[in-house]
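Chain and residue survey
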Amino acid sequence: MTVTVELPDPAELWHRWVTIAAALTTIGFDDTWSLPDGGGAHHDDGGGNWAHLDLVEGGRAVLYGYDHEYSATAHATPPLDLLAGAPPWLPWTVLLDHAGDDQLGYVLWHEDGRWHRVAYPDGLDDGLQPTAGPVLDARATLAELASFVFEWGEHDVDTPHEREQVASAAARLLAGTGPDELRDLFGRLTGPVVDPRRGLAVAARGGLTGDPVPVLNAGTRPGRRTVRKLSDTEHDQLVWAAMRRADERARPAPVTTGELGALVTWLRSRAPGADGRCSLLVYADENSLAAHHGDHPPREKPGEGSFGIFRELSDLVRRLRAAEADDTYGRWLFLHVETTSGGFTIERRYDSWPPWWAATGGMGPWRGNLRAEIDARGPQWRPDWTALLSPEVAYRPAD
């Protein structure tokens, strides 16, 4: 289902966007608010957050973007198809590329005088305000222009009177971008090089100084596309549930190594009751390692802290895992060791999630790490849940 939303007219959004881009380019920053060669107007904060506006032939427009912190729509459970019910004239190739990377937080299209988008569950943020906020409201645009003077330009005169002067200059620039208006706003700066010619070139490209406003040709809806049927969280839970149900395949026990002896000796030396009894529960793959407390967790030394003990433990576990690796059987993922003063027990899990390993905070092994581990084994030693690691499992054909 689609809904209508209240946003400024596309021409107003475009005017504000190009004005901001021209102003920032004037003081040497041309890659934050910009008019890229591929068309449209773009904002990229350099931290993975962005917004893009295209004016499309026929008086239409599309506004889309993503914020890695605030675009909850990109990772919603159940997944949202942000292009459900969208018109055929959108730039589908670009939008599907972003959606395929899970980096599309919102898509709004303007036609017949209204802005439209997919309906969201109540309270779900899409990242529109954090990424495109400075063009959604004239006051926000003026505040953004002022920030170029006091923050980006590091203006060394910051008084109430100077703030008023800058606000007035920003308003004149927003009303009409020209060389005088750019000098009026930025001529007070002493730090950055002020080059109104560069700003005016951006304004001209954006159609603010008499040239035509650039518009894109209408896009074409693809004949077939796929959308998520499982969110990342749901996909993880599917894999982890299968790992818990899986049977452990019988393997020859690894040959006893010095690395195992070193780990057992270390655990005994860390026995919390100084009686040799110590517990180790650990998950490990090539790129991550996590440990849980057992009945007798290793004792910290005075002043060592939890990071110090984890660093030693991690080194011992990784050495043991490498020593016990087999090109055919693979490497274990879970390890449980219990020591006493005169002996020890050990359990390794290669194929299944053991009952003694509790999920903490709903977290578990990363699918990409599991994929690398399983691919390194001989085909006959890959567990039944291997197929669930494929990204295609999370997608279905769009309606």
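You'll find the structure just up there.
Residues numbered from 1 in each chain as written. Predicted model: local features only at pLDDT ≥ 70, side-chain atom pairs only at ≥ 80, totals over all residues. Heavy atoms only, no water.

Considering the overall build of the protein
- Looking only at helices and strands, the protein features 11 helices and 13 strands.
- Whereas a compact globule of 399 residues would reach a radius of gyration of roughly 21 Å, the protein reaches 29 Å, over 25% beyond that.
- With respect to the three principal axes, the spread of C-alpha positions in the protein is 85 × 55 × 35 Å.
- A sequence separation of at least 24 residues applies to 67% of the contacts in the protein between residues at least 6 apart.
- Total accessible area on the protein is roughly 19,400 Å²; 51% of this is exposed by carbon and sulfur atoms. (Helix = DSSP H or I, 4+ residues; strand = E, 2+ residues; numbered from the N terminus. Rg over C-alpha atoms; globule rule 2.2 N^0.38 Å. Contact = heavy atoms within 4.5 Å. Areas by Shrake-Rupley, 256 points an atom, 1.4 Å probe, with all protein chains shown as cover.)

Quick word on unusual backbone geometry
- Pro78 follows Thr77 through a cis peptide bond whose omega is -5 degrees.
- With respect to the helices, strands and loops of the structure, Pro78 is situated in the loop between strand 5 (60-66) and helix 2 (92-100).
- Unusually for a residue other than glycine, Asp102 sits at a positive phi of about 55 degrees.
- Summarising the element assignment, Asp102 is placed in the loop between helix 2 and strand 6 (106-111).

Considerations on the pattern of salt bridges
- On inspection of all chains with the given rule, the structure shows 29 salt bridges.
- Note that Asp232 and Arg367 form a salt bridge whose closest N and O atoms lie 3.2 Å from each other. In this pair, Asp232 is assigned in helix 8 (residues 232-245) and Arg367 in helix 11 (residues 367-375), connecting sequence segments 135 residues apart.
- With relative accessibility at 29%, the residue Asp232 sits in the partly exposed group. (Salt bridge = Lys/Arg side-chain N within 4 Å of Asp/Glu carboxyl O. Buried < 20%, exposed > 50% of the residue type's maximum accessible area, 1.4 Å probe, protein only.)

Brief notes about the nonpolar core
- Counting residues in hydrophobic clusters, the biggest one holds 59 residues, and the most contacted among them are Leu63, Leu90, Val107, Phe148 and Phe186.
- Ranked by the residues each element gives to this core, the list is headed by helix 1 (residues 10-26), at 9 residues.
- Filtering out sequence-adjacent residues up to four positions away, Val107 remains in contact with Val62, Leu63, Tyr64, Leu82, Leu83, Leu90, Leu95, His116 and Arg117. (Core = buried A, V, L, I, M, F, W, Y, C linked by side-chain atoms within 4.5 Å.)

Observations concerning helix 10 (residues 305-323)
- Compared with the 27 Å implied by 1.5 Å per residue over 19 residues, the 28 Å span of helix 10 between its first and last C-alpha is a close match.
- Those residues of helix 10 that are buried are in contact with helix 9 (258-269), strand 9 (278-284), strand 10 (289-292), strand 11 (334-339) and helix 11. (Expected span 1.5 Å × (residues − 1).)

Some words on the sheet that holds strand 9
- Within the open sheet, the 4 strands sit side by side as 10-9-11-12. Their pairing is antiparallel. Of all the strands in the sheet, the pair left with one neighbour each is strand 10 and strand 12 (344-349). Geometrically, the sheet is characterised by an average inter-axis angle of 15 degrees between neighbouring strands, direction not taken into account. (Pairing = 2+ DSSP bridges. Axes fitted to C-alpha atoms, helices over the stretch in contact; angles between N-to-C directions.)

Description of the sheet that holds strand 1 (residues 2-5)
- Reading across the sheet, the 7 strands line up as 1-7-6-5-4-3-2 and stay open at both edges, with antiparallel pairing between neighbours. At either margin of the open sheet sits one strand with a lone partner, and together these are strand 1 and strand 2 (33-34).
- The strands touched by helix 3 (residues 128-136) are strand 2, strand 3 (41-44), strand 4 (50-56), strand 5 and strand 6; relative to strand 6, the strand with the most contacts, the crossing angle is about 40 degrees.

Looking at the side chain of Ser279
- Within the element layout of this structure, Ser279 appears in strand 9.
- On the basis of relative accessible area, Ser279 is assigned to the buried category, the value being 1%.
- In terms of polar contacts, Ser279 uses its side chain to reach the side chain of Glu338, at 2.7 Å.
- Every residue in contact with Ser279, bar those within four places of it in the chain, is listed here: Leu267, Gly294, Asp295, His296, Pro297, Pro298, Val337 and Glu338. (Polar contact = N/O pair within 3.5 Å; in protein donor to acceptor, adjacent residues only side chain to side chain.)

Comments concerning the packing of helix 1 against helix 3
- Packing of helix 1 against helix 3 brings their axes to within 8 Å, and their N-to-C directions diverge by 100 degrees. Accordingly, the angle class assigned to the pair helix 1 and helix 3 is roughly perpendicular. Together, Leu13, Arg16, Trp17 and Ile20 of helix 1 and Pro134, Val135 and Leu136 of helix 3 make up the contact between the two elements.
- Within the contact of helix 1 with helix 3, the residues separate by chemical class into 6 nonpolar, no polar and 1 charged. (Parallel < 35°, antiparallel > 145°, perpendicular 65-115°, else oblique. Nonpolar A, V, L, I, M, F, W, Y, C, P; charged D, E, K, R; others polar.)

A closer look at the pairing of strand 10
- Inspection of the sheet shows strand 9 paired to strand 10 by 4 bridges, in the antiparallel sense. Residue pairing across strands places Leu281 opposite His292, the latter belonging to strand 10.
- Taking the residues that link successive antiparallel strands as the turn, the strand 9-strand 10 hairpin has 4 residues.

Some points on the layout of surface pockets
- Of the volumes computed, that of the largest pocket is approximately 350 Å³.
- When residues of the lining of the largest pocket are traced back to their parent elements, those giving at least two are helix 2 and strand 8 (226-228).
- Here the lining of the largest pocket is built from residues that sort into 11 nonpolar, 5 polar and 5 charged.
- Here the second largest pocket is characterised by a volume of approximately 260 Å³.
- What lines the second largest pocket is a set of 15 residues, among which Tyr283, Ala290, Met363, Gly364 and Pro365 lie closest to the centre.
- Broken down by element, the lining of the second largest pocket gets its largest block of residues, 4 residues, from strand 10.
- Residues of the lining of the second largest pocket, tallied by class, amount to 10 nonpolar, 5 polar and no charged. (1 Å grid on protein atoms, 1.4 Å probe; cavity = no way out; pocket = protein on both sides within 12 Å on 5 of 7 lines; lining within 4 Å. Points joined across faces, edges and corners; volume = space filled by probe spheres on them.)

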